[in-house]
Amino acid sequence: MNSRSYKIITFGCQMNEHDSEVISGMLTQRGYTEAAGEDMRNTDIVIINTCSIRENADKRFFGTLGQLKKIKLANPNFTVCVCGCMMQQEHITKKLRQSYPWVDVIFGTHNIHEFPDMLEEMFQRRSTGEDWTVNQIRSSREFRVDRVYRDSDRIVEGLPAKRLFGHKSFVNIMYGCNNFCTYCIVPYTRGREKSRRPEDIIAEVKALAADGVKEVTLLGQNVNSYRGVSADSGNEWDFADLIYALNEVEGLERIRFMTSHPKDLSDKLIAAFAECDKLCNYIHLPVQAGSSSVLRRMNRKYTREQYLELVRKLREAVPGIAISTDIIVGFPGETEEDFCETLSLAEEIQYDSAFTFLYSPRRGTPAADYENQIPEDVKHERFNRLVEVMNRGSKARNAAFVGRVCRVLVDGPDKKSSGILNGRTEEFKLVDFEGPEELIGSMVDVEITASNTFSLQGRIVSEQE
């Protein structure tokens, strides 16, 4: 046990967020304490959990490293650790090894479970070496612990996690991706698909429910391709099988999942939305583009027409289901006609919300070498037109909630307004309403009184009403 403090800086998706919860849980188990406040000078160890999806994440990472170097120069015992998807790219780790000698620990997505031991190994090396001086910070690598696996079939069970919320939790059901979309670096950083055993997932969710968790979000790069082999029967479970089993967990009230690939969205899973009362009426279904020709170059393995048919089936099974999406603007070779197809698809579907991105070439992916890269000014002009259509659809979908009473899981106090709480409906709508902080973590009925593009406002409905 020791008294060192730590702070984790997380970039990227829910998978990274959950990885950070696991890192925090392991460190807490070893006796480390999480540092309070935002000032990184007031902690002993900083861990940066990196993301490779967008170029902007790379820039933020190296910008943060620059800030940490200043702290390191002022305090040689300050410890810097880096992990996550960026560490799975050889050109990134090579750059770190050559140009950032003062980084103390480097590890990847496949050996998170080893981090506490790596950290202790680094401290041991440092304690038996010469005095840790500013000159060594600039030039010496002898104390660094550096271990990155390019891929691994191993799934480590039973790792502790320090959850961000007491009432909701992420649960990994699978790791990696086999899709190889031409723009995406994930298969190269997270490795090939591997699914956890259903019994392990069910046991984890039961333990979470017993600990007060009301909502779980099942995580995977493509949860629809989950194939877990039962340790008891040897039978293979698909994702819908897992949903039906988790729907029976006592004490659990909500099930969500991220992310769902359209090519693997089965009729069986669509039926689960109608038949499983705990499965939220919400799906994140990334389309990426509304043009079949662009989808083909992206290697998405579905067409515009097939995607629209999935949306039709979902809304037929659950008329009020909320649908969000991801869309990339300016993929190489995207014509104005292609982009207009994306606009028309967005107008036809009227998404509840969307994550819209400018195409960002990622080194090592096929699309980075495609000809006909779209000029930045064209990307931005198209992006602005798409956001306008998306916001119009979101605003209309939110307006339909006014006058309804929704069940809301209270997440916490509003960061800007005193006395205001935030929570989510099962459709993942953000709701602001007045209430005491004692309600955090509980379910309350809220009448929706107003709406805007990105959120709803409401008032708590008392039991007498």
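Residues numbered from 1 in each chain as written. Predicted model: local features only at pLDDT ≥ 70, side-chain atom pairs only at ≥ 80, totals over all residues. Heavy atoms only, no water.

A. Spatial organisation of the packing of aromatic side chains. Under the counting rule described, the total for this entry stands at twelve aromatic pairs. Between the aromatic rings of Tyr100 and Trp102, the centroid separation amounts to 5.9 Å while the plane-to-plane angle is 65°, which identifies the pairing as edge-to-face. With centroids separated by 5.5 Å and ring planes inclined at 75°, the aromatic side chains of Phe331 and Tyr359 adopt a geometry described as edge-to-face. Taken as a pair, Phe331 in the loop between strand 15 (322-329) and helix 12 (336-349) and Tyr359 in the loop between strand 16 (353-358) and helix 13 (376-399) lie far apart in primary sequence, 28 residues in all. You can call Phe331 buried: its relative accessible area is 0%. Sitting over the face of the ring of Phe165, Lys168 holds its NZ or CZ atom 4.5 Å from the ring centroid. Its end group placed over the ring of Phe401, Arg404 keeps NZ or CZ at 4.1 Å from the ring centre. (Phe/Tyr/Trp six-rings, centres within 6.5 Å; stacked < 30°, edge-to-face > 60°. Helix = DSSP H or I, 4+ residues; strand = E, 2+ residues; numbered from the N terminus. Buried < 20%, exposed > 50% of the residue type's maximum accessible area, 1.4 Å probe, protein only. Lys NZ or Arg CZ within 6 Å of the ring centre and 35° of its normal.)

B. Broad picture of unusual backbone geometry. With omega at -10°, the peptide bond leading from Met258 into Thr259 counts as cis. Even without being glycine, Asn299 reaches a positive phi, approximately 65°. Position of Asn299 among the secondary structure elements: in the loop between helix 10 (292-298) and helix 11 (304-317). For Asn299, a relative accessible area of 26% gives the class partly exposed. Phi at Gln350 takes a positive value of approximately 55°, unusual for a residue other than glycine. Relative to the assigned elements, Gln350 resides in the loop between helix 12 and strand 16.

C. Representation of the nonpolar core in the model. Ranked by size, the top nonpolar core spans 65 residues in total, and within it Leu218, Phe239, Ile243 and Phe257 carry the most contacts. Among all residues touching Phe257, those that are not within four sequence positions of it are Thr217, Leu218, Val223, Phe239, Ile243, Leu269, Phe273, Leu279 and Ile283. Core analysis: the second largest hydrophobic core is formed by 24 residues, Val46, Ile48, Ala57 and Ile71 among them. (Core = buried A, V, L, I, M, F, W, Y, C linked by side-chain atoms within 4.5 Å. Contact = heavy atoms within 4.5 Å.)

D. Focus on the sheet that holds strand 13 (residues 254-258). Within the open sheet, the three strands sit side by side as 7-10-13. Their pairing is parallel. Lying at the two open borders of the sheet, with one neighbouring strand each, are strand 7 (168-172) and strand 13. Here the strands of the sheet are splayed against their neighbours by 25° on average, with no regard to which way each runs. In the sheet, strand 10 (residues 215-219) pairs with strand 13 via five bridges, with the strands oriented parallel. When the sheet's bridge partners are listed, Glu215 is paired in strand 13 with Arg254. Contacts from helix 8 (residues 239-246) reach strand 10 and strand 13, with the element oriented near 155° to strand 13. (Pairing = 2+ DSSP bridges. Axes fitted to C-alpha atoms, helices over the stretch in contact; angles between N-to-C directions.)

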